[in-house]
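Analysis of the macromolecular model
What follows is each chain in one-letter form.
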Amino acid sequence: MPDRATHRLLLYGTVTLTGGAVMVLELLGTRIIGPFYGVSLYVWASLIAVTMIALALGYFIGGYAADRFPSVRLSHVLLAAALGTAVIPLLTGPVLRLTDSLGLRGGAFTSALLLFTFPLTALAMVGPYVIKRATRDLAGVGTVAGSVYAVSTVGSVAGTLLLGFYLLPLFGTKTILLSVSLLLASLSAVVSWQERARTAALAPTAMAVFAAFGLWSATGFAGSGKSLEGFAVLSEAESLYGWVRVVDDERYGIRLMLSDASVISAVDKKWDRSVLGYQQILGLLPNFRPRATQALLIGLGGGHVARDLKSQGLETDTIEIDPAVADAAQRFFSFKPTGRFLIGDARYEIKRLDRRYDIIIHDCFTGGTEPIHLLTQEMLGHLRELLTEEGLLALNYVGFRTGEGSEAVAAVYRTLKSLFPHVRTFTTDPTDFTDFVLLASGAPLDLERYRDDPRVSWLVQHEHHLQDTGGFIITDDYNPLERLQTRKAETYRKIFLERIAFDLLVR
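Residues numbered from 1 in each chain as written. Predicted model: local features only at pLDDT ≥ 70, side-chain atom pairs only at ≥ 80, totals over all residues. Heavy atoms only, no water.

Per-residue confidence for the protein chain averages 86 on the pLDDT scale, and 91% of its residues sit at or above 70. Ignoring residues within four places in sequence, the model shows residues 197-201, a span with pLDDT below 50, making five contacts including any to other chains. A low-confidence stretch, residues 218-225 stays under pLDDT 50, and its non-local contacts, those more than four residues away or across chains, total 13 contacts. (pLDDT = per-residue confidence, 0-100. Contact = heavy atoms within 4.5 Å.)

This is how it looks when you write it as structure tokens:
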């Protein structure tokens, strides 16, 4: 009886661990594909679809093999899953290169399919194998099947929470992947011993191979500091929100902060000033409100906007969602908070603010898109409530003047117009794809009296006129911006790859 109980415990423990591994692989997929294709709805949809495809295949193949191929044992399936997981980091670079020409949607889906189908299918095969081994007679098959899938789901929940709450903040993606493969290999060895299969002798060899993988991961393979010709990586950090790196482009003397596949700060090292054009417009905001003293910045980047405002006498509260970005701004971009320094999602953090601002800057561009929940009428309405009577909201939005994607710019403009009587739009470049800085206020935005200032004259020359009749109002209930930003994300990624080494996007 104890042997039978131990046997059942081992089987259910195996299902629990493999259920957790499925969710760990699915969630880590965004960290593997995201730096190249961006963490968008398309990447999430691709990973979820591939996971469902793999589960369906695994359930079918596992049930078929368990009935018809007794020589293929559960330990073999677990070892295959371990191997498939271990090689993901090795295949990532070649797969991303191979799929680059397929575009954002096709590339993200194909990458997920090639990288994750095999290990996820092998993990899904475990369920039918365990049901086969745990079933004594047909009278109990329903109870066994229900129990197996119940504990598998419990494992998935535990894996999701463990990864999100503990593992990712502490360890890198590669380290976690290879640790999962080691766990699966160890489990394969234990199950192989329990099965007393002829292949049990393979277990020590498998363990040695995966121990080598683990040592490789713990040393250079998963480490930071990768440098390429013309680039020097000064810092790497993986947070809950992305893979943040500080990189010196030695060809042009520029220091970059990258978050996944996005440049969120770029500084001329010689002059210690931002080279991002839209930040020149943001630096002129005090000209609209000369008596301004309090500002709020949403989206820190390297902190240069806050530094510019400080030099003009403004105290600035900052909100940044990613602690890794906040840390890099202070360590490598000389940022020092001049007001309250809040780490968290803006939708939550603005509810805690108890003061009103003369200027609010909304600068949350990332990876070719903006977080769409920060552009709704409800979000922008909260920001208006935080403004003083003549307060000014400045919103940076990257988009197109014409063609596909221009409707998104019009929608942002129309949403602002639904809340503010005065809205003016400026662009950084005359090109079709450019930064749009939208300024909105309850009071007139008068620059004409400062036309003698060459900087203001330049700004007036870059004004872009949008019609109130274009676009739609973005709300929490109706927000199709993800779809409308596809062309923008693909264009941004193309420009990014022309200027940044491909290997800087591969873990």
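Okay, back to it.
Moving on: the packing of helix H3 (residues 74-86) against helix H5 (residues 103-134). In the contact formed by H3 and H5, the axes pass within 8 Å of each other and the chain directions differ by 165°. Overall, the two elements H3 and H5 adopt an arrangement that is roughly antiparallel. Between H3 and H5 lies a crossing whose hand is left-handed. Where H3 abuts H5, its residues Leu74, Val77, Leu78, Ala80, Ala81, Gly84 and Thr85 lie against Phe118, Pro119, Ala122, Leu123, Met125, Val126, Tyr129, Val130 and Arg133. Partitioning the contact of H3 with H5 into residue classes produces 13 nonpolar, two polar and one charged. (Axes fitted to C-alpha atoms, helices over the stretch in contact; angles between N-to-C directions. Helix = DSSP H or I, 4+ residues; strand = E, 2+ residues; numbered from the N terminus. Parallel < 35°, antiparallel > 145°, perpendicular 65-115°, else oblique. Left-handed = near helix turned anticlockwise from the far one by under 90°. Nonpolar A, V, L, I, M, F, W, Y, C, P; charged D, E, K, R; others polar.)

Now for the sheet that holds strand S4 (residues 262-268). Pairing between sheet strands relies on hydrogen bonds along the backbone, with the strands arranged either parallel or antiparallel. If you trace the five strands from one edge of the open sheet to the other, you get S1-S2-S3-S4-S5, paired in antiparallel fashion. The open sheet has two edge strands, strand S1 (231-238) and strand S5 (273-274), and neither has a second partner. Pairing of strand S2 (residues 243-249) with strand S3 (residues 254-259), which is carried by six bridges, proceeds in the antiparallel orientation. Looking at the pairing, Val244 lines up with Ser259 of S3. (Pairing = 2+ DSSP bridges.)

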